Amino acid sequence: MKWYPYGHDFGNAEIGGVTVINGKTVSLSIPTAFAKVDTTALRNLGVNVDQSNVHVMQFEEEEAAYAIGDLALQQAVEVYHGRGDIQRYASRFSLRGLLTIAATLIPDAEFGIYVVTGLPAETYIKNAALRSAIKESLDGTYTFTLNDESTPRRVVVELATVVMEGAGALIAYNERSSNKMTESAVIDIGGRTTDLYVARGQVPVVEYCKGKPVGVEMATQMVMDSFENKYDRPLSLFESREIMHAYAAQEQGEIARYPEISSYGQTIGHYDLERLVKEAVAQVGSEIVSFVASAWRQSDRDAVAASFKPVLNIGGGVFYFYSFLKKRIPHLSRPDDPVHANCIGYCTLAGRLLIRKVQTGSATSSSNGSAANIRIF
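Bear in mind that the values here come from a model prediction, so they are computed numbers and not experimental data. (Residues numbered from 1 in each chain as written. Predicted model: local features only at pLDDT ≥ 70, side-chain atom pairs only at ≥ 80, totals over all residues. Heavy atoms only, no water.)

## Topic: the nonpolar core
Next up, step 1: Membership of the largest hydrophobic core comes to 65 residues, with the highest contact counts inside it found for L98, L99, I113, I134, F144, V157 and Y197.
Next up, step 2: Looking at which element gives the most residues to this core, the answer is helix α11 (residues 341-367), with nine residues.
Next up, step 3: For this core, the domains that each give at least three residues are domain 1 (2-164 + 340-376) and domain 2 (181-335).
Next up, step 4: One finds V223, Y231, A293 and Y320 within the second-largest nonpolar core, a separate group that totals 47 residues. (Core = buried A, V, L, I, M, F, W, Y, C linked by side-chain atoms within 4.5 Å. Buried < 20%, exposed > 50% of the residue type's maximum accessible area, 1.4 Å probe, protein only. Helix = DSSP H or I, 4+ residues; strand = E, 2+ residues; numbered from the N terminus. Domains from an automatic or database assignment.)

Structure below.
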């Protein structure tokens, strides 16, 4: 059986996964949304569950199948996302998301994944027991089907370690320095939280590692509230997500159009939708900047993060709030793939640990007169 290093990020807005296949790093993110579905009914309705952007998984021992990601948002009014529940990191839903993305990226019918995942800095520091709970919930051998495929998959999951979110990005994008006094920093803006991480050398600096429940979803909720107040009907989660994505794409210079949204037969103009988003993003952006400035203020001259190098901005919130932070932290930078920045680092660390494990196992096996029966990426 072949083993792959794997970085797993069970965010409260997006589930991310990164692995290495034939020397190439591959990644995938899908919305954190789960809903029970009837695959037969979906096919009868004309939904093709074999599409690449559709994700339906079912454990062999369970009767219910779950739509995950966009399909869940499209087909269900209420979805599971686990927001506000810190135990979601150690839940069956985290495992479903992990296996779904891994099996989408890796075509093998049977494989093993050596996993590194992360927790927000404050949660990591204050809740050591959760790390053990995550390992207990993820470790194991699982048989399941993906997108109603005829042959079940068999995947072995082993959790290598849990690290602080932010550490992954520094592993992936920060050049190692021999200076033990160098302080490297990460601002990770996700769906519901903004997490700050600072390491001196490779050791976290606890006083600078903080979190605040503010992120893209706060701006999204503001848009939804403003829309309902103005047009007297609520936006669905899917509609609001499409509106926010259109705004983010345009901010990156991409060609994107807002979705066609109507209320009582009247189409809402794209300008009106954009105005709602801009107002919400500006309000949340100012709150994020204020949080970062107060947490990393280093002088009475308003020096913010002045001694840190680099200062990385990662997470999906980069597409909305980077410009606000850049005005306050001129040396702020963003990686090419901010969404998967942590996951790429997790996967890199998982690869190192997996190689070390195989080498140790091979040495042990050789001393016993047998070869280690394991292949890696």
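Following the structure, the description resumes.
## Re the pairing of strand β11 (residues 194-200)
Next up, step 1: Summarising burial for β11: six of the seven residues are buried, a large majority.
Next up, step 2: Taken together, the seven bridges between strand β10 (residues 183-189) and β11 define a ladder with antiparallel strand orientation. Counterpart to E183 in the pairing with β11 is R200.
Next up, step 3: Count of turn residues in the β10/β11 antiparallel hairpin: four residues.
Next up, step 4: Bridge count between β11 and strand β13 (residues 210-212): three bridges; the pairing is antiparallel. Bridged to L196 within β13 is K210.
Next up, step 5: As paired elements, β11 and strand β12 (residues 203-204) share two bridges and run antiparallel to each other. (Pairing = 2+ DSSP bridges.)

## Description of the packing of aromatic side chains
Next up, step 1: Tallying each qualifying case throughout the model produces 12 aromatic pairs.
Next up, step 2: For the ring pair Y247 and Y320, a centre distance of 6.1 Å and an interplane angle of 15 degrees mean the geometry is stacked. In this pair, Y247 is assigned in helix α8 (residues 237-251) and Y320 in helix α10 (residues 318-328), connecting sequence segments 73 residues apart.
Next up, step 3: What makes Y320 buried here is its relative accessible area of 6%.
Next up, step 4: Taking the centre distance of 6.0 Å and the plane angle of 45 degrees together, the rings of Y320 and F321 count as tilted.
Next up, step 5: Cluster of aromatic residues (ring-pair linked, three or more members): F10, F34, Y66, Y80 and F93.
Next up, step 6: Over the ring of Y66 we find R96, and its NZ or CZ is 4.0 Å from the ring centre.
Next up, step 7: The ring of Y322 has R334 lying over it, and the distance from NZ or CZ to the ring centre is 5.9 Å. (Phe/Tyr/Trp six-rings, centres within 6.5 Å; stacked < 30°, edge-to-face > 60°. Lys NZ or Arg CZ within 6 Å of the ring centre and 35° of its normal.)

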